[in-house]
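Chain by chain, the residues:
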Amino acid sequence: MRAIVCHGPEDYRVEDVGRPRPGDREMVIRIGACGVCASDCKCWSGAKMFWGGESPWVKAPVVPGHEFFGYVEELGMGAAEHFGVAIGDRVIAEQIVPCDRCRYCRSGQYWMCEVHNIFGFQREVAEGGMAEFMRIPATARVHKIPDGISLDDAAIIEPLACAIHTVNRAEVQLDDVLVIAGAGPIGLMMVQVARLKTPRKLVVIDLVPARLELARRFGADVAINPCEDDAWSIVSGLTDGYGCDAYIEATGSPSGVEQGLTLVRKLGRFVEFSVFGAPATVDWSIIGDRKELDVRGAHLGPYCYPIAIDLLARGLVTSEGIVTHRYGLEAWDEAIKVASSLESIKVLMQPESGRSLP
């Protein structure tokens with residue numbers, strides 16, 4: 001089969017590789033589409049969190065891609081009963097392949113699995129979805145996708161699940177002023193999900209005017225471009241000078257962290273979602289001595305895939321305006337360039353096409 005193969009930073013090649021075969025309680029899916037995530041871009045560029053140290057977390061050569069969905073192509077012994085699927089079903093597997101043995105997996109906190117194999121980053125045990133076919137191991141968490149959900153909507157289920165988990169971590173209340181910093185693909189999904197929580201004011205911060213306009217369309221009450229606007233003055237004006245109740249950091253830039261510590265009120269909630277390409281340095285006394293903040297992380301989309309599928313099926317969340325580019329596997333070099341730029345919001349790889357798609 002054809003696949004994109006990661007050999008190292010900025011060394012991704014379109015190659016012929018062996019088609020996977022399912023073992024017991026495993027299945028092989030034919031990929032419908034696979035999104036290019038910001039973490040894929042940072043991995044491609046050589047970010048330290050992926051490639052640092054003597055034993056990097058990424059185990060190359062490996063097929064990248066964790067934002068995939070596909071169609072059940074082949075079932076191993078017992079897989080149909082194990083996953084509750086049949087040949088031809090449209091399915092998605094969560095991005096992590098839990099070990100099902102560590103303390104986190106055994107306690108139901110599988111998304112923090114100590115082994116922590118993520119599709120698209122570890123060869124053989126978790127090959128990704130930027131290929132024609134993909135093997136789903138027995139410990140994967142699999143969900144069926146209803147027929148009424150469009151291809152583009154199906155392709156955003158993974159990042160939407162992450163967005164739902166992050167907004168849930170913020171514990172948004174009806175009288176909150178919530179700030180979401182970063183209107184990239186997941187940030188824009190967070191806006192849609194947060195709007196469903198009906199906070200008093202929903203504020204979005206980003207540097208790209210077109211993304212801010214899309215955020216307004218998705219329900220943001222206030223859109224701030226920090227290159228043109230004084231974010232503190234605006235947020236202060238909305239909160240009698242106190243600051244926002246909750247701040248979600250989804251910029252991927254260390255400056256977004258410092259900004260959040262400034263904008264959030266005393267005893268407020270700071271939720272960190274981003275994957276950073278470089279360390280963020282801040283004055284930690286703000287967190288404790290000055291504001292006594294509740295600082296929370298948000299990782300992956302545990303228990304949120306069924307919610308994401310339901311929201312898409314009911315038309316409460318959409319990919320419209322978020323999915324901007326589609327490419328066949330052979331166009332990888334162009335796809336990663338566009339995905340790493342501000343030209344795009346969400347780039348999809350569609351293996352069944354050998355050319356760029358409109």
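This report concerns the structure included in the present document.

Basis of the calculations
- Residues numbered from 1 in each chain as written.
- Predicted model: local features only at pLDDT ≥ 70, side-chain atom pairs only at ≥ 80, totals over all residues.
- Heavy atoms only, no water.
- Helix = DSSP H or I, 4+ residues; strand = E, 2+ residues; numbered from the N terminus.
- Rg over C-alpha atoms; globule rule 2.2 N^0.38 Å.
- Buried < 20%, exposed > 50% of the residue type's maximum accessible area, 1.4 Å probe, protein only.
- Contact = heavy atoms within 4.5 Å.
- Areas by Shrake-Rupley, 256 points an atom, 1.4 Å probe, with all protein chains shown as cover.
- Lys, Arg positive; Asp, Glu negative; His and termini not counted.
- Charge placed at Lys NZ, Arg CZ, Asp CG, Glu CD.
- Phe/Tyr/Trp six-rings, centres within 6.5 Å; stacked < 30°, edge-to-face > 60°.
- Lys NZ or Arg CZ within 6 Å of the ring centre and 35° of its normal.
- 1 Å grid on protein atoms, 1.4 Å probe; cavity = no way out; pocket = protein on both sides within 12 Å on 5 of 7 lines; lining within 4 Å.
- Points joined across faces, edges and corners; volume = space filled by probe spheres on them.
- Nonpolar A, V, L, I, M, F, W, Y, C, P; charged D, E, K, R; others polar.
- Salt bridge = Lys/Arg side-chain N within 4 Å of Asp/Glu carboxyl O.

### Some words on the overall build of the protein chain
And step 1. In terms of regular secondary structure, the protein chain is built from twelve helices and 17 strands.
And step 2. Its C-alpha radius of gyration of 20 Å places the protein chain within 12% of the 21 Å reference for a compact globule of 358 residues.
And step 3. With the C-alpha coordinates of the protein chain rotated into their principal frame, the extents come out at 60 × 45 × 45 Å.
And step 4. Residues classed as buried in the protein chain amount to 57% of the 358 residues present.
And step 5. By sequence separation, contacts in the protein chain at least 24 residues apart represent 69% of the contacts at least 6 residues apart.
And step 6. Accessible surface computed for the protein chain: about 15,300 Å², of which carbon and sulfur atoms make up 50%.
And step 7. When the 36 basic and 48 acidic side-chain charges of the protein chain are each reduced to a single mean position, those positions are 3 Å apart.

### Side note on the packing of aromatic side chains
And step 1. Applying the stated criterion across every chain, the model contains ten aromatic pairs.
And step 2. Between the aromatic rings of Phe 69 and Tyr 71, the centroid separation amounts to 6.0 Å while the plane-to-plane angle is 65 degrees, which identifies the pairing as edge-to-face.
And step 3. Looking at Tyr 71, the relative accessible area reads 23%, which means it is partly exposed.
And step 4. Both rings, one in Trp 111 and one in Tyr 303, keep their centres 6.2 Å apart while their planes meet at 80 degrees; by these two values the pair is edge-to-face. Taken together, the residues span a long stretch of sequence, with Trp 111 in the loop between helix H4 (103-106) and strand E7 (117-118) and Tyr 303 in the loop between strand E15 (294-297) and helix H11 (305-313) at a distance of 192 residues.
And step 5. Trp 111 gets classed as buried once you look at its relative accessible area, which sits at 18%.
And step 6. Stacked on the ring of Tyr 104, the Lys or Arg Arg 103 has its end atom at 5.6 Å from the ring centre.

### Quick notes on the layout of surface pockets
And step 1. The computed volume of the second largest pocket comes to approximately 290 Å³.
And step 2. In terms of lining residues, the second largest pocket is bounded by 20 residues, among which Met 1, Gly 18, Val 63, Glu 124 and Glu 127 are the most central.
And step 3. The element best represented in the lining of the second largest pocket is strand E8 (residues 133-136), accounting for three residues.
And step 4. Here the lining of the second largest pocket is built from residues that sort into 14 nonpolar, two polar and four charged.

### A word on the pattern of salt bridges
And step 1. Inspection of the entire model under this criterion finds 20 salt bridges.
And step 2. Residues Asp 245 and Arg 265 are paired through a salt bridge, measuring 2.7 Å at the closest nitrogen-oxygen approach. Here Asp 245 is found in strand E13 (residues 244-249), whereas its partner Arg 265 is found in strand E14 (residues 264-272), with 20 residues between them in sequence.
And step 3. Asp 245 sits in the buried class, given a relative accessible area of 12%.
And step 4. Classification of Arg 265 as partly exposed rests on a relative accessible area of 22%.
And step 5. Here Arg 290 ties to Asp 283 by a salt bridge, and the two come within 3.9 Å at their closest N and O atoms.
And step 6. A relative accessible area of 49% places Arg 290 in the partly exposed class.
And step 7. Residues participating in the shared-partner salt-bridge network are Arg 2, Asp 16 and Glu 330.

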